[in-house]
Amino acid sequence: MTVDTGEAPITGAVVERVATGVDPDSTDIVDALLAVNAELLGRHGQFERAADYVTVDGTRAYRIERAMWDDLIDDFDFDQSLAAAVRLTHTEQARNLFTTTVGADDRFATNEVGVVVGIDTAEQF
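Engineer: Explain the nonpolar core to me, please; I cannot follow it from the model alone.
Structural biologist: If you look at soluble globular proteins, the nonpolar side chains tend to sit buried side by side. Membership of the largest hydrophobic core comes to 37 residues, with the highest contact counts inside it found for Ile29, Ile64, Trp69, Val86 and Val115. If you list the elements that add at least two residues to this core, you get helix H1 (12-19), helix H2 (26-40), strand S1 (52-56), strand S2 (59-65), helix H4 (66-73), helix H5 (80-100) and strand S3 (112-118). In terms of residue count, H5 provides more of this core than any other element does, seven residues in total. Sequence-distant contacts of Val115, that is, excluding residues within four places in its chain, are made with Leu40, Phe47, Arg60, Ala61, Tyr62, Ile64, Trp69, His90 and Ala94.

Engineer: Where do I start with the pattern of salt bridges in this structure?
Structural biologist: Two side chains of opposite charge can pair, provided their charged atoms sit close to one another. Throughout the structure, instances matching the rule amount to eight salt bridges. One salt bridge in this structure joins Arg43 and Asp75, with 3.5 Å as the shortest N-O distance. Highlighted residues: Arg43 in the loop between H2 and helix H3 (44-50) and Asp75 in the loop between H4 and H5, separated in sequence by 32 residues. Between Glu48 and Arg60 there is a salt bridge, with its nearest N and O atoms 2.4 Å apart. Here Glu48, found in helix H3, pairs with Arg60, found in strand S2; they are 12 residues apart in sequence, far enough to count as distant. Through salt bridges with shared partners, a single network forms among Glu39, Arg43 and Asp75.

Engineer: For this particular structure, what's the right way to read the packing of aromatic side chains?
Structural biologist: For any pair of aromatic rings, the description rests on two quantities: the centre-to-centre distance and the angle between the ring planes. Per the counting criterion, the structure on display carries four aromatic pairs. Judged by centre distance (5.5 Å) and plane angle (50°), the ring pair of Tyr53 and Tyr62 falls under tilted. Exposure remark for Tyr53: the relative accessible area of 38% places this residue in the partly exposed category. On the basis of relative accessibility, which here comes to 0%, the residue Tyr62 falls in the buried class. Ring geometry for Phe98 and Phe108: centres 5.6 Å apart, planes at 85°, overall edge-to-face. You can see Phe98 sitting in helix H5 and its partner Phe108 sitting in the loop between H5 and S3, a full 10 residues away along the chain. The class of Phe108 is buried, set by a relative accessible area of 12%. Taken together, the ring pairs in this structure connect Phe47, Tyr53 and Tyr62 into an aromatic cluster. Residue placement shows Arg63 over the ring face of Phe98; its charged tip is 4.6 Å from the ring centre. Above the face of the Phe108 ring, Arg95 is positioned so that its terminal group lies 4.6 Å from the ring centre.

Engineer: Teacher, can you tell me more about the sheet that holds S1 here?
Structural biologist: Where strands meet in a sheet, backbone hydrogen bonds hold them as pairs that are either parallel or antiparallel. Read across the open sheet, the three strands follow the order S1-S2-S3; overall the sheet is antiparallel. Strands with a single pairing partner mark the edges of an open sheet, and in this sheet they are S1 and S3. Strand-to-strand twist in this sheet, taken as the mean axis angle between neighbours without regard to direction, amounts to 20°. This element, H5, spans S1, S2 and S3 of the sheet and lies at about 80° to S3.

So, how was this worked out
- Residues numbered from 1 in each chain as written.
- Predicted model: local features only at pLDDT ≥ 70, side-chain atom pairs only at ≥ 80, totals over all residues.
- Heavy atoms only, no water.
- Core = buried A, V, L, I, M, F, W, Y, C linked by side-chain atoms within 4.5 Å.
- Buried < 20%, exposed > 50% of the residue type's maximum accessible area, 1.4 Å probe, protein only.
- Helix = DSSP H or I, 4+ residues; strand = E, 2+ residues; numbered from the N terminus.
- Contact = heavy atoms within 4.5 Å.
- Salt bridge = Lys/Arg side-chain N within 4 Å of Asp/Glu carboxyl O.
- Phe/Tyr/Trp six-rings, centres within 6.5 Å; stacked < 30°, edge-to-face > 60°.
- Lys NZ or Arg CZ within 6 Å of the ring centre and 35° of its normal.
- Pairing = 2+ DSSP bridges.
- Axes fitted to C-alpha atoms, helices over the stretch in contact; angles between N-to-C directions.

Next up, the structure:
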């Protein structure tokens, strides 16, 4: 059975892959993803000005500087292993979306991470 990620725009398969290599389990990762997703919903403009992005099926993936991610994740009270799992999950999902987008540069620099956010119809226009 695939992990249910609820409102988070991350697939259960990505969560499962990340959870096999880190300390927090998939349930803890999903809970953290939902908390981060709620914070990300209003930040499209900030990311659009600072990063490359692709949009696939109502989901936007951004490739951002690691320092920008660190500033975002510092707003949460996650322990180090959970924060790393959330970063890895977002980055893997973003890589998947960049890879599936024709013409997109899917190479992430060593100082870049991914952020994935759902978009609604109003934000598309």
